[in-house]
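Report on the structure
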Amino acid sequence: MTGHVLVAPDKFKGTLTAPRVADAVARGLREAVPGLDERCLPVVDAAVAAGFTRIGRWVTGPVGKPVAASFAVRGDTAVVEVAAASGLAGLHPPAPLTATSRGTGELLACAVDLGCTRIVLGVGGSACTDGGRAMVEALGDRDLSDVEFVLATDVDNPLLGPTGAAAVYGPQKGATPAEVEVLEERLRAWADEIGHEHADAPGAGAAGGIGFAALTLLGARRRPGIEVVLELIGFADALPGARLVITGEGALDAQTRHGKAPAGVAAASGSVPVVAVAGRCEVDPTGLGIRAAYALLDVEPDITRCVADGERLLALLAGRIAGDWLEE
C-alpha cells in the first residue's frame, strides 16, 4: 500500500477539539488498516501548532480595563488575534458604542518592538465597531515601513452600507437599530478623514472596521483566514504523496463554504481525494469539493449519545472510510 493519509479536521464545536477528532479518526484507520501511514494535522491553534511562542501582555480591553492577552511569535513573524485583546467573548454587558480596538493596537506595537517584520492580523469575534481608529492610535508614531501586514479574514463585507460593519455585525455586538445608525455615521466620518479608497474592499468591514484601518493605514494584504492557517500548520508540505485527505467539522452546512476548514482543506488538496467526517451533514459535500461525508448522526441518531460517544463513533466512521477509500 503506497501513499499516506492526511487527517486535517477542525474541532467539533462544543464537543471535541480538533486534535481529539484527528486522534479518533487515526485510531479507526489503524484498526482497519494495520500499518497504514496516517499523519495528523488538526486545524487548531495554528501558531502554537507551528512552533510559535506565546508572548503575554497586559493591554487595554474592549471597555478600557486592563486584560491579559497574548500573541504568537516565530522568528520575524507574529500572529495577533483581534479577539485576544478586543474580543466580545466574556464581555457582559456588551458596549457597542464604546468598545475599543486599542488593545489590539498595543499587541501590534509589542510585536513591532520585538522586531517582527511580518504580522498576521487575524480578525473575528471583536467587540468593537470603531473602524480600527483606536488600534492605529495605539501604534503611535512607530516606523512601520518595513513591516508587512497580512489581514487574515474570511469576511468580505465592505466598511459601510447595508452589508457593512455596523449594519451586519453591530446587532451581534449588542447595538440597537438607533445605535447601528450612530456607528454607521462614525465609520463614515472616519472614512472621510483617512480616505474611502479601501472602504468598499472585501474585508474592510471585518472586526468592526479594523479591516478598513489595516488596509488603509497599515497597507495590509487580505488573505482568506483558512489559507493562512493551512500555511502555518504546513499543510502543503504534508500533502505530496498523500492518497487521501480526511477533514471535518461539527456540521457540514451552508456556512462551510464561507471560510470553514473543510472547504479550505478541499481547495488546497488539489487532485488528492478529500472526504469528511462531521457530526451532521446538511449539504451535498461534492459542492464543497469533498467526495463524501460521513456523519455521526447517521450511525447514532440520538444526539445526546452521539455527543457523549463521539470519539468511538469517529473511529467507527474512519473504519468505514478505510473500507470505501483505502482498499487495494
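Preceding this paragraph is the structure being described.
My aim in this report is to walk through the structure given alongside it, one point at a time.

Conventions adopted
- Residues numbered from 1 in each chain as written.
- Predicted model: local features only at pLDDT ≥ 70, side-chain atom pairs only at ≥ 80, totals over all residues.
- Heavy atoms only, no water.
- Axes fitted to C-alpha atoms, helices over the stretch in contact; angles between N-to-C directions.
- Helix = DSSP H or I, 4+ residues; strand = E, 2+ residues; numbered from the N terminus.
- Parallel < 35°, antiparallel > 145°, perpendicular 65-115°, else oblique.
- Contact = heavy atoms within 4.5 Å.
- Nonpolar A, V, L, I, M, F, W, Y, C, P; charged D, E, K, R; others polar.
- Polar contact = N/O pair within 3.5 Å; in protein donor to acceptor, adjacent residues only side chain to side chain.
- Buried < 20%, exposed > 50% of the residue type's maximum accessible area, 1.4 Å probe, protein only.
- Pairing = 2+ DSSP bridges.

Some thoughts on the packing of helix H7 (residues 177-194) against helix H8 (residues 210-217)
Their axes nearest at 12 Å, the elements H7 and H8 cross at an angle of 0 degrees. Taken as axis vectors, H7 and H8 run roughly parallel relative to one another. Judged by residue contacts, Trp-190, Ala-191 and Ile-194 of H7 engage Phe-212, Thr-216 and Leu-217 from H8. When its residues are assigned to classes, the contact of H7 with H8 shows 5 nonpolar, 1 polar and no charged.

Digging into the side chain of Thr-256
Counting through the fold element by element, Thr-256 comes out in the loop between strand S9 (242-252) and helix H11 (261-268). Side chain to side chain, Thr-256 and Glu-249 meet in a polar contact 2.7 Å long. The contacts of Thr-256, once residues within four sequence positions are left out, are Glu-249, Ala-251, Pro-262, Ala-263 and Leu-288.

Remarks on the environment of Pro-240
Structurally, the position occupied by Pro-240 is in the loop between helix H10 (235-238) and S9. On the basis of relative accessibility, which here comes to 57%, the residue Pro-240 falls in the exposed class. In sequence terms Pro-240 and Leu-41 are 199 residues apart; their C-alpha atoms lie 14 Å from each other.

A closer look at the sheet that holds strand S4 (residues 66-74)
In spatial order, the strands read S3-S4-S5-S6-S7-S8; together these 6 strands make up an open sheet with mixed pairing. Single-partner strands in this sheet number two, and they are strand S3 (53-60) and strand S8 (221-223). Each neighbouring strand pair of the sheet contributes to a mean axis angle of 25 degrees, computed without reference to strand direction. Bridge analysis of strand S5 (residues 77-81) against strand S6 (residues 118-122) gives 5 bridges, and the strand direction is parallel. Bridge pairing links Ala-78 to Ile-119 in S6. The sheet contacts of helix H4 (residues 102-113) involve S3, S4, S5, S6 and strand S7 (148-152), and relative to S3 the element is tilted by about 135 degrees. In the packing of helix H9 (residues 225-232) onto the sheet, the strands contacted are S5, S6, S7 and S8, and the crossing angle to S8 comes to about 85 degrees.

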